[in-house]
Amino acid sequence: MNKNLKIGFSLALATLISINTKAQKIENPIKANTATTFAIVVDAKTYTQAKAEITAYKTALEKQGLGTYIVSHDWKKPEEIKTVLQKLYGQKIKLEGAVLVGDIPIPMIMNAQRITSVYRLDETKNGFKAAVPSDRFYDDFSMKFDYLQQDSIRTEQFYYSLSPTTVPVIHMDIYTARIRPSYVKGKTKYEVIKDYLKKVVAEKNEQNKLNHLMVYSGMGYGSESQTQWASEQVTLKEQLPLAFKPGGSAKFINSRMQGDLKSGLLAEVQRPDLDLAIFHQHGDSDMQLVSGSPNVSFPQPSIENVRRYLRSKIQMAKRDGRDVEDTKKRFQATLGVPMAWMDDALVDSVVRLDSLFEVNSNIYMEDIDKITPNARMVILDNCYNGSFHKDEYMSGHYIFGNGKTIVTMANSINVLQDVWTTNLIGLLNQGVRAGNWFKQQAFLETHLIGDPTFSYSSSGTIDYNQAMVNYDGNHNFWADLLKSNDADLQALALYKIAETKGTAASKLLKDTYYNTDFAATRAQAFTILSQLNTVDFASLVKDAVNDPYEYIRRKAVNLIGDFGGDEYVPTLVKSAIEDWASKRVSYNLSNTLSFMNSETVIKELQTTLNNPDYGTRKADIQKLIDRQKNTLEKVKRDGALMGDKKADAKKRSFNIVTLRTYSYHKEIPTVIKILADSSEDQALRLTAAEALGWFIYSYEKANILTALDTVINDNKTSEKLRKEAQRSKSFLLAYTPNTAQSNTAK
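Residues numbered from 1 in each chain as written. Predicted model: local features only at pLDDT ≥ 70, side-chain atom pairs only at ≥ 80, totals over all residues. Heavy atoms only, no water.

J.: Hey, could you go over the sheet that holds strand β4 (residues 95–101) for me, with residue numbers and the actual values?
T.: One open sheet holds the 11 strands; their spatial order is β1-β3-β2-β4-β9-β18-β17-β16-β12-β10-β11, and the pairing between them is mixed. The open sheet is flanked by β1 (25–27) and β11 (249–254), the only strands paired with a single partner. Direction aside, neighbouring strands of the sheet carry axes that sit 20° apart on average. Pairing of strand β10 (residues 212–217) with β11 involves six bridges; the strand directions are parallel. Looking at β11, one finds that M214 is bridged to K251. The strands touched by helix α9 (residues 226–239) are β10, β11 and β12 (276–280); relative to β11, the strand with the most contacts, the crossing angle is about 170°. (Pairing = 2+ DSSP bridges. Helix = DSSP H or I, 4+ residues; strand = E, 2+ residues; numbered from the N terminus. Axes fitted to C-alpha atoms, helices over the stretch in contact; angles between N-to-C directions. Contact = heavy atoms within 4.5 Å.)

Below is the structure:
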């Protein structure tokens, strides 16, 4: 590089960026020596309308030592923003995150369901309706996306396909969050933003440690497992100890408790002292499911529950134009209930009461508008509550209200119930900003809504925000931190060491799993090992089935189903018999056993029938045997249908698509044959290529990779099929040790 060019490169950043995008306006940080920087990305009109508030926000951040850019423009496409963020990240003082304010383009991602927690909507049938709104487009620079098109109606939405050759594992370079107004009655969207930023700036002047916690587990969530509910409390005590000491508070509420849960929860989130609220629920973009029928045992209230259920079905039949009397007769015959229980189903006063009951079973956006949400941070571990691509969305109503809620974490689509939502949550105790915490656990659908620089006060002397951004590769720092007596500081150290060393960290992770005193640290070691997928993990996962921490047991039995090998069957059978009290583990086990070799499972179960230790469990064991026999026949039947070229194409395709969720390893050879057969229907081969890409741990993985390579290297393969095969190969290799691709290192 010549001297003049070198000088030009070091000029003000605004000049540097204006080479390609002259209309973009960039205001540089006031201080030139901060540890990290942050970007406020805003559309030009919002900036004009809320310039005073945005400037005040920048000033407040600078006061906290975070160098802050303001980047404004009339943004036409997402690539413009990503280019700016990448350039800021590449500066000497590294960009740690950004907030997207106002009308910022929304990437809608296709062909990336493997990096969601659970999303499985068929893209072939549903087209762009299956796209995932995701800002991983902006914050994960290693991910490559191919542009598809702009939405013709919702012009702020842009559709992309995940590039076939990109490593399909999320590794956020920076964090992002959205300040995109949800509708507020009587205010323009600019007034909503202005009022919110005033609240954020005011909060920056407060000293508030994280010592008041509320956690709610809703109806049907996690199979309503009491073991899961109790286990989370034990682990959170490790992670957030201040909430469990005098002067703090930790409330754990679940849907099985008595009383008016909705009003109780609304009162909780209004508490002026509440620092963190976590909701584990089912939900939608406009509601949170709180409860259903009351948890009762006496005859009369039990009868009322049944009658309410029957009335809802009859009312639905009338709305749908179906014969009401036939509906009543069907329930009388199938459930054995008297006709008198249904006589009042359509009485106006009863219908009104039933409607009120349903309203009181959910929290709606309107309910949040009527209260003052004060929990500083709200984690909405619910489906669709973070659907920021819509005009109204649940999480927006929490932060844009009149209370003190500053930031929420929520999901733009549906989310897996077994997500570890509180992973590294203890870092918030250390003054870590919400965004830096968020980086370690986001899926494609997970988003922060609000100010990502929000943090709780801390008495510590180490700046962990700076460490998380600038100390990559500083092995001595992270090795020392691993010795600390703090669950999530140890967990963070493990993450950072593995991020640099990859599979070379396997032994350290294994040793930590067996020796740490903390369940949260053990869970982190387990999780990282599952991503590295080394030999250490293949053996450790057996022991994890019996881990004291319910979450680890739950995940272990799931992952063993993904491996599928016979060597795991005795461990699974033992767990199925002995861990009967853990309802969610049992639920996952029922699926996992069906994925294994059924003949091996049946043989092992039959052996346990003669075990005197299980003498009182013989009836339960026999049920497991009967169920596995049904599975054996199902897998044979489904496999035969898939391999039958004369069978209905839709049925064959359905059985193949099913493998994305149900890992029947025995059916893989049949699917490989379909993929390899050039005389098969092109659409069916595409489906086969996509389905095979989900088997990242399977004992058939080597055969799958060989088949995919054959298709990729065949010059007669269509471009569409080649891309799908490459996309599946990329995902499989991301979980294959000693390959060029790694999911914990770039």
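J.: A description of the packing of helix α29 (residues 668–676) against helix α31 (residues 701–713) should follow, citing residues and the corresponding values.
T.: Viewed as axis vectors pointing N to C, α29 and α31 meet at an angle of 5°, and their least axial separation amounts to 10 Å. In terms of orientation, α29 and α31 fall into the roughly parallel class. Between α29, through I668, I672 and L675, and α31, the contact on the second element is made entirely by N703, I704, A707, L708 and V711. Tallied by class, residues from the contact of α29 with α31 come to seven nonpolar, one polar and no charged. (Parallel < 35°, antiparallel > 145°, perpendicular 65-115°, else oblique. Nonpolar A, V, L, I, M, F, W, Y, C, P; charged D, E, K, R; others polar.)

J.: Explain the sheet that holds strand β14 (residues 287–289) residue by residue, including any values.
T.: Pairing in this open sheet of three strands is antiparallel, and the strands run β13-β14-β15 from one edge to the other. Each of the sheet's edge strands pairs with one partner strand only, and the pair in question is β13 (283–284) and β15 (362–364). When β14 meets β15, the two strands line up antiparallel, connected through three bridges. Of the residues in β15, the one forming a bridge with M287 is Y364.

J.: So, the pattern of salt bridges: which residues are in play, and what are the values?
T.: Taken as a whole and assessed by the stated rule, the structure comprises 41 salt bridges. For K496, the salt bridge is made with D472, and the minimal N-O distance between the two is 2.9 Å. Residue K496 is located in helix α19 (residues 487–501), and its partner D472 is located in the loop between α17 (464–470) and α18 (475–481); the two are separated by 24 residues in the primary sequence. Among the residues examined, D472 registers a relative accessible area of 42% and is labelled partly exposed. Three or more residues joined by partner-sharing salt bridges are found here, namely R154, E156, R180 and D391. (Salt bridge = Lys/Arg side-chain N within 4 Å of Asp/Glu carboxyl O. Buried < 20%, exposed > 50% of the residue type's maximum accessible area, 1.4 Å probe, protein only.)

J.: Residues and numbers for the packing of aromatic side chains, please.
T.: Applying the stated criterion to the full structure yields 26 aromatic pairs. In textbook terms, an aromatic cluster arises when at least three aromatic residues are bridged by ring pairs, as seen for F526, F537, F563, Y568, Y697, F731 and Y735. Above the plane of the ring of F137 lies K82, whose end atom (NZ or CZ) is 4.8 Å from the centre. (Phe/Tyr/Trp six-rings, centres within 6.5 Å; stacked < 30°, edge-to-face > 60°. Lys NZ or Arg CZ within 6 Å of the ring centre and 35° of its normal.)

J.: Give a detailed account of the confidence of the model for the protein chain, specifying residues and quantitative values.
T.: Scored by pLDDT, the protein chain has a mean of 92; 96% of the residues are at 70 or more. Within the model, pLDDT remains below 50 along residues 1–21, and this stretch shows 16 contacts once partners closer than five positions in the same chain are excluded. (pLDDT = per-residue confidence, 0-100.)

J.: Give a description of the nonpolar core that names residues and reports values.
T.: Generally speaking, nonpolar side chains in soluble globular proteins are found buried as a group. Counting 185 residues, the largest nonpolar core has V41, L85, L276, M377, W437 and F526 as the members making the most contacts within it. Among the elements that line this core, the one with the most residues is α19, at eight residues. In contact with V41, other than residues within four places in its own chain, are V71, W75, I81, L85, A98, V99, L100, V101 and I104. Listed in part, the 21 residues of the second largest apolar core include M214, L274, I368 and A410. (Core = buried A, V, L, I, M, F, W, Y, C linked by side-chain atoms within 4.5 Å.)

J.: Quick rundown of the layout of surface pockets? Include the residues and the values.
T.: Size it by volume and the second largest pocket reaches roughly 980 Å³. Around the second largest pocket sit 33 residues that line it, and D122, E123, T124, T687 and E690 are the ones nearest its centre. Of all elements in the fold, only α6 (123–126), β8 (157–162), α28 (649–658), α30 (682–692) and α32 (719–734) reach the threshold of two or more residues within the lining of the second largest pocket. Among the residues making up the lining of the second largest pocket, the classes are represented as 14 nonpolar, seven polar and 12 charged. (1 Å grid on protein atoms, 1.4 Å probe; cavity = no way out; pocket = protein on both sides within 12 Å on 5 of 7 lines; lining within 4 Å. Points joined across faces, edges and corners; volume = space filled by probe spheres on them.)

J.: Mind laying out the environment of I704, listing which residues take part and the relevant values?
T.: You can see I704 is positioned in helix α31. In this structure I704 comes out as buried when scored by relative accessible area, which is 0%. Along the primary structure I704 and I672 are separated by 32 residues, whereas in three dimensions their C-alpha atoms are 6.9 Å apart. Filtering out sequence-adjacent residues up to four positions away, I704 remains in contact with I668, I672, L692, F695 and L732.

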